[in-house]
Amino acid sequence: MEQPNVKGLLILSFTAACALLAFYLSVIKNVTVVYPHLFYIPLMLAGVWYRKKAIYIALFLSAVYILVTYPLWVLDPDLSVSVLERSAILIVVAYIIGFVSEKRAQVEAELKETKDYLDDVITSSADAIVVVDMAGIVQSWNKAAEDYMGYTAAEVIGTHNKKFFADPEEAERIMAIVLREGELKNHRTVVLTKDNKPVYINMSAALLKDKKGVPVGTVRVSRDITKEVELEEKIKERRNNLNLILESMPDGVYIVSKDYDVEFMNKVLIDEFGDQVGGVCYKVFHNREAPCPRCKNTEVLTGETVRWEWHSRRKNKTYDLVETPLKNINGTLSKLTIFRDISERKRMEEELNEAKEQYMAIFEHTLTALCVIEQDKTISLANKEFESMSGYSREELAGKNWTDFIEAGDSERVRNYCDERRKGGAEACCLFTLVSRDGALKYVNAMIEPVPGENRCIASLLDITELKKNEEKLRETIEKLAELDKMKLEFLNVASHEMRSPLSPIIGYASLLEPKLTGRERGYIRRIEKCARELEEMINRMLELARIDGRKVELNLEEFSLSEVVRKVIKNLEPEAKAKSQTISSVTPELKIQADKQKTAAIFTNLISNAIRYTGEGGRIDVMVEDRGEDIYACVADTGIGIPEEHLPKIFERFYMVDTSLTRKSGSLGLGLSIVKEYVKLHGGRVWATSDLGKWSKFSFTMPKGQLTNGGE
Ligand code: ADP
């Protein structure tokens with residue numbers, strides 16, 4: 001540190017010495033010329049150290065010079081001129097030196113200020129600023145460098161910089177780049193702290209040159225970016241995880257940059273469109289030269305999530321696209337798109353719409369009045385037929401309560417029916433009277449069906465007003481018919497009795513006459529008797545059927561031997577069979593049943609006599625009875641004319657006959673099988689026939705062995 005007082009003393013000493021010397025030489029020795037030159041020594045020193053203040057020294061010394069030489073001025077008149085001259089020069093010189101020194105001091109002060117400022121900047125910089133010379137030796141090391149490297153400036157200045165890098169060759173590489181390029185920008189590298197801890201830094205460097213432009217070193221500005229790098233790693237990891245998720249998604253996924261570059265495609269999409277990563281999306285997917293008009297990049301890259309449908313003509317598939325912005329590591333946005341193949345859904349939707357249209361068309365054009373009834377009983381939908389039935393237009397019907405159309409008398413019943421129907425009870429149909437707009441009453445048959453899974457019902461209404469009128473007529477007709485039927489039965493009863501009455505004396509007298517007659521007359525009387533008996537049989541049958549119809553026939557149950565009954569019947573009919581050279585054989589186990597003996601015998605008689613009648617000369621008739629546990633099974637088979645197949649279902653009907661010469665000849669009425677059927681039915685059994693036309697016929701029936709109740713039905 002300079003001591004200003006020393007300088008001052010020195011100047012004052014020189015000044016005093018000069019003044020004393022001048023006094024000595026002029027006053028004591030009378031020398032007048034030499035000493036002013038010595039005055040320049042304190043003058044120079046003052047000029048350098050005290051700048052303009054040197055003028056005071058010059059003034060003082062000039063005054064001393066003039067004073068000490070003044071006595072001599074009388075001796076030498078030229079001396080005054082020379083003294084004044086030299087004094088003036090002295091003052092001028094002092095002024096110049098002072099001025100120059102002042103200027104230089106100002107420049108130096110400015111320089112110092114700049115230097116201090118730079119030092120402050122370097123010291124207070126958050127970035128590490130390090131100066132390394134051409135040999136790689138550290139020349140400067142600021143506070144920020146100290147902070148994150150752990151080394152103080154004193155520890156590192158003068159040492160080689162390569163020890164700071166995780167890779168020792170990095171120091172040379174950086175130097176080479178800066179020498180070659182003149183600078184290094186945003187270079188990322190790893191340095192090691194004093195504790196040997198790796199720190200990621202971002203370094204920029206510039207070449208430092210001397211005044212002549214010769215490189216003398218490099219100045220390096222670096223920043224600890226460990227946190228940023230860790231963050232980046234995390235983002236990278238997340239992105240990798242995201243990619244893993246995207247890979248395993250069942251939907252197609254791709255990511256495109258803001259420049260439409262395909263950055264990522266998952267497997268689903270690669271399988272669909274091939275690997276297009278690295279391509280431009282509008283080229284690879286749409287074969288275009290510019291972005292597609294429907295592209296959503298702009299919206300998505302401003303942060304919006306967009307959903308839209310895209311149909312790929314190439315694949316003939318429809319995709320539901322969800323596009324959303326995705327933040328990249330460097331802060332930019334890309335677009336993430338999820339492709340969901342909805343072709344199947346679309347197809348189903350179309351089919352559904354088609355079906356819906358079809359159903360609507362059916363709903364609309366059906367001749368039944370249809371309407372949809374909501375839970376609050378309002379009508380939400382109605383078809384044309386409902387419009388014409390109710391007399392209201394669809395617009396007028398909307399929101400109307402459907403019970404408004406029900407006649408007051410039916411209202412509660414229909415309401416109960418609807419409630420029951422909703423609960424799944426009640427019958428499908430409900431009859432009620434509908435009041436249409438013009439007050440006309442219509443009888444309707446309504447079917448209310450709850451719509452499965454919904455709180456509404458669909459009602460279909462059929463106008464049965466005409467039907468109802470016809471029903472009335474029909475009922476009247478039926479009543480009349482029943483009356484007539486009753487009359488018919490009564491008539492039949494009376495008529496049969498009346499018809500039977502004259503037959504008894506005819507048959508009686510004929511049988512009395514027969515032994516008394518001979519020859520032809522005897523033959524005539526036999527025929528009379530035979531015809532009368534046939535007529536009696538026919539009347540009996542008609543009477544029996546009339547009784548059945550009038551429900552006047554009851555079973556007279558008893559236990560008896562079925563085999564015995566069958567045997568007796570065959571025995572009675574055998575003469576008829578023999579007359580046609582037919583054989584009757586029977587297989588009948590000893591079997592007791594509980595049934596109406598007389599009617600059981602009548603069943604077998606009818607079937608066997610039919611078999612005899614419709615079988616030619618020398619034919620065969622087989623009767624068989626089988627014990628089948630709770631039932632008996634019996635059949636009568638013959639080798640007769642058979643029955644055409646189309647007649648089989650009808651031969652048990654009354655008066656039904658197959659028109660053959662035999663039937664015509666036999667004069668039958670077609671009542672025998674009807675009686676068989678009724679008797680079997682009364683016993684709770686079943687009868688049926690099978691046949692092969694021209695070859696055989698077989699009549700079978702079953703009957704319970706034990707009759708617990710009276711009658712089958
Ligand atoms: P019918 O008194 O006329 O015989 P049925 O009711 O007993 O009346 O029989 C109805 C019809 O069934 C007969 O007209 C006949 O054509 C046919 N038929 C009944 N039994 C036989 C049979 N065993 N073979 C062929 N046809 C038969």
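Calculation notes
- Residues numbered from 1 in each chain as written.
- Predicted model: local features only at pLDDT ≥ 70, side-chain atom pairs only at ≥ 80, totals over all residues.
- Heavy atoms only, no water.
- Helix = DSSP H or I, 4+ residues; strand = E, 2+ residues; numbered from the N terminus.
- Rg over C-alpha atoms; globule rule 2.2 N^0.38 Å.
- Buried < 20%, exposed > 50% of the residue type's maximum accessible area, 1.4 Å probe, protein only.
- Contact = heavy atoms within 4.5 Å.
- Areas by Shrake-Rupley, 256 points an atom, 1.4 Å probe, with all protein chains shown as cover.
- Pairing = 2+ DSSP bridges.
- Axes fitted to C-alpha atoms, helices over the stretch in contact; angles between N-to-C directions.
- Phe/Tyr/Trp six-rings, centres within 6.5 Å; stacked < 30°, edge-to-face > 60°.
- Lys NZ or Arg CZ within 6 Å of the ring centre and 35° of its normal.
- Patch = residues over 30% accessible without salt bridge, like charges linked within 9 Å, V, L, I, M, F, W, Y side chains within 5 Å.
- Salt bridge = Lys/Arg side-chain N within 4 Å of Asp/Glu carboxyl O.
- Domains from an automatic or database assignment.

(A) Inspection of the overall build of the protein at higher detail. The helix and strand inventory of the protein stands at 21 helices and 22 strands. Taken against the 2.2 N^0.38 rule, which gives 27 Å for 713 residues, the C-alpha radius of gyration of the protein at 70 Å runs more than 25% over that of a compact globule. Counting only residues that meet the buried cut, the protein has 38% of its 713 residues in that class. Of all intrachain contacts in the protein linking residues separated by at least 6 positions in sequence, the fraction that spans at least 24 positions is 53%. Accessible surface computed for the protein: about 42,600 Å², of which carbon and sulfur atoms make up 56%.

(B) View of the sheet that holds strand 8 (residues 306-312). Spatial ordering of the open sheet is given by 7-6-10-9-8, a layout of five strands whose pairing is antiparallel. Each edge of the open sheet is held by one strand with a lone partner, namely strand 7 (262-265) and strand 8. Pairwise comparison of adjacent strand axes, ignoring direction, gives a mean angle of 25° for this sheet. Of the strand pairs in this sheet, strand 6 (residues 252-256) and strand 7 are connected by three bridges, and their pairing is antiparallel. Each bridged residue has a counterpart across the sheet, and for valine 256 the counterpart in strand 7 is valine 262.

(C) Local environment of the packing of aromatic side chains. Per the stated rule, a full pass over the model turns up 18 aromatic pairs. One aromatic cluster is present, built from ring pairs that chain together Tyr254, Phe273, Trp310, Tyr319 and Phe339. For lysine 163, the ring lying beneath its charged end belongs to tyrosine 151, and the centroid distance is 5.7 Å. A cation sits over an aromatic face here: lysine 599 above tyrosine 679, 5.6 Å from the ring centre.

(D) A nonpolar patch on the surface, seen in detail. Together, Val92, Tyr95, Ile96, Phe99 and Val100 make up an exposed nonpolar region whose accessible area comes to about 470 Å². One can find phenylalanine 99 in helix 4 (residues 77-124). Overall, the relative accessible area of 37% leaves phenylalanine 99 in the partly exposed class.

(E) Examining the pattern of salt bridges more closely. A complete count under the given rule lists 44 salt bridges for this structure. Arginine 223 serves as the salt-bridge partner of aspartate 127, at 2.7 Å between the closest nitrogen and oxygen. Residue aspartate 127 is found in the loop between helix 4 and strand 1 (128-133), and its partner arginine 223 is found in strand 5 (residues 215-224); the two are separated by 96 residues along the sequence. The partly exposed category is assigned to arginine 223, whose relative accessible area is 44%.

(F) Seen up close, the domain arrangement of the protein. With domains assigned, the protein is organised as domain 1 (4-118), domain 2 (125-224), domain 3 (231-346), domain 4 (366-463), domain 5 (481-552) and domain 6 (554-704). Averaged C-alpha coordinates put domain 4 and domain 5 at centres separated by 63 Å.

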